[in-house]
Amino acid sequence: MERSKHNGNGHDRLHVTETPDVSHIKNLDVTHEASDVDVAGVLKFVIALSILGVAVVVLMWAMFRFLYAQAEKEPNPGPMAMKPEERLPPDPRLQAAKGFGVKLETGEWVNLENREPEAEYRVLREQWERQLNCKSMEGNTSANCTPIEAAIDKLLEGGTLKTRASQAEDTSEPSAWSSGRMTEKAGR
């Protein structure tokens, strides 16, 4: 082989990268080896794999349709499931009891049967608000009653509230060494 001016892969000038001429080498007995690959077997495998893939897709589609149909149906209750009557709490069921209600101070009966649990509190709260503001059920103000806001204002204006004289206290912060405990001062 003769040196070329081509410097190969760029490492040095002595490196030769040409492919040798092998056209003079011939083996007439071996032109095609039939034993290497069985083309019919490979084709059969590819066809069988494709058919199996299509069958799996069809079966999965059918299974999901079946499962979706089952999910839409309401399931039968189990043998241990309680009936709706058995799910209720034990007697007395005050809010759901027939005739449950509140009798107001005016004698009026408020029916709370089958209402939300807070209904009793709301009715009583409205009654208390009316009492504090001296209102009747009709909305009229009582003549011999002072509404709570007016009573508070009158009390604050009159200066009739007596308070204790404030004592000077030691408001020092506890130290890090005291673990938050305050010590008693001598002479108190």
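Residues numbered from 1 in each chain as written. Predicted model: local features only at pLDDT ≥ 70, side-chain atom pairs only at ≥ 80, totals over all residues. Heavy atoms only, no water.

Some remarks on the overall build of the protein
And step 1. For the protein, the count of helices and strands is four helices and two strands.
And step 2. Ordered by position from N to C terminus, the α and β elements of the protein give α-α-β-β-α-α.
And step 3. Per-residue burial for the protein yields a buried fraction of 7% across its 188 residues.
And step 4. When the accessible surface of the protein is split by element, carbon and sulfur atoms take 57% of a total near 18000 Å². (Helix = DSSP H or I, 4+ residues; strand = E, 2+ residues; numbered from the N terminus. Buried < 20%, exposed > 50% of the residue type's maximum accessible area, 1.4 Å probe, protein only. Areas by Shrake-Rupley, 256 points an atom, 1.4 Å probe, with all protein chains shown as cover.)

As for the confidence of the model for the protein
And step 1. Per-residue confidence for the protein averages 75 on the pLDDT scale, and 65% of its residues sit at or above 70.
And step 2. Ranking the elements of the protein by mean pLDDT puts helix α2 (residues 84–87) last with 73 and helix α1 (residues 39–72) first with 95. (pLDDT = per-residue confidence, 0-100.)

Remarks on the packing of aromatic side chains
And step 1. Tallying each qualifying case throughout the model produces one aromatic pair.
And step 2. Taking 6.4 Å as the distance between ring centres and 35 degrees as the angle between the ring planes, the aromatic pair formed by F64 and Y68 counts as tilted. Placement of the pair is F64 and Y68 together in helix α1, with a separation of four residues, close to one helical turn. (Phe/Tyr/Trp six-rings, centres within 6.5 Å; stacked < 30°, edge-to-face > 60°.)

Overview of the side chain of Q127
And step 1. As for its placement among the helices and strands, Q127 is situated in helix α3 (residues 119–132).
And step 2. Classification of Q127 by relative accessible area gives buried; the value is 8%.
And step 3. The residues touching Q127, leaving out its near neighbours within four places in the chain, are L104 and E105. (Contact = heavy atoms within 4.5 Å.)

Brief notes about the state of the cysteines
And step 1. This structure, assessed with the given rule, holds one disulfide.
And step 2. Paired by a disulfide, C134 and C145 hold their sulfur atoms 1.8 Å apart. What sets the handedness of the C134 and C145 disulfide is the S-S torsion sign, and at about -55 degrees it is left-handed. Here C145 lies in the loop between α3 and α4 (148–158) and C134 lies in the loop between α3 and α4, a separation of eleven residues in the sequence.
And step 3. Residue C145 is classed as partly exposed on the basis of its relative accessible area, which comes to 28%. (Disulfide = S-S within 2.5 Å.)

Details of the pattern of salt bridges
And step 1. Enumeration over the complete set of coordinates arrives at one salt bridge.
And step 2. Between E129 and R125 there is a salt bridge whose closest N-O contact spans 3.4 Å. Of this pair, E129 and R125 both sit in helix α3, four residues apart, roughly one helical turn. (Salt bridge = Lys/Arg side-chain N within 4 Å of Asp/Glu carboxyl O.)

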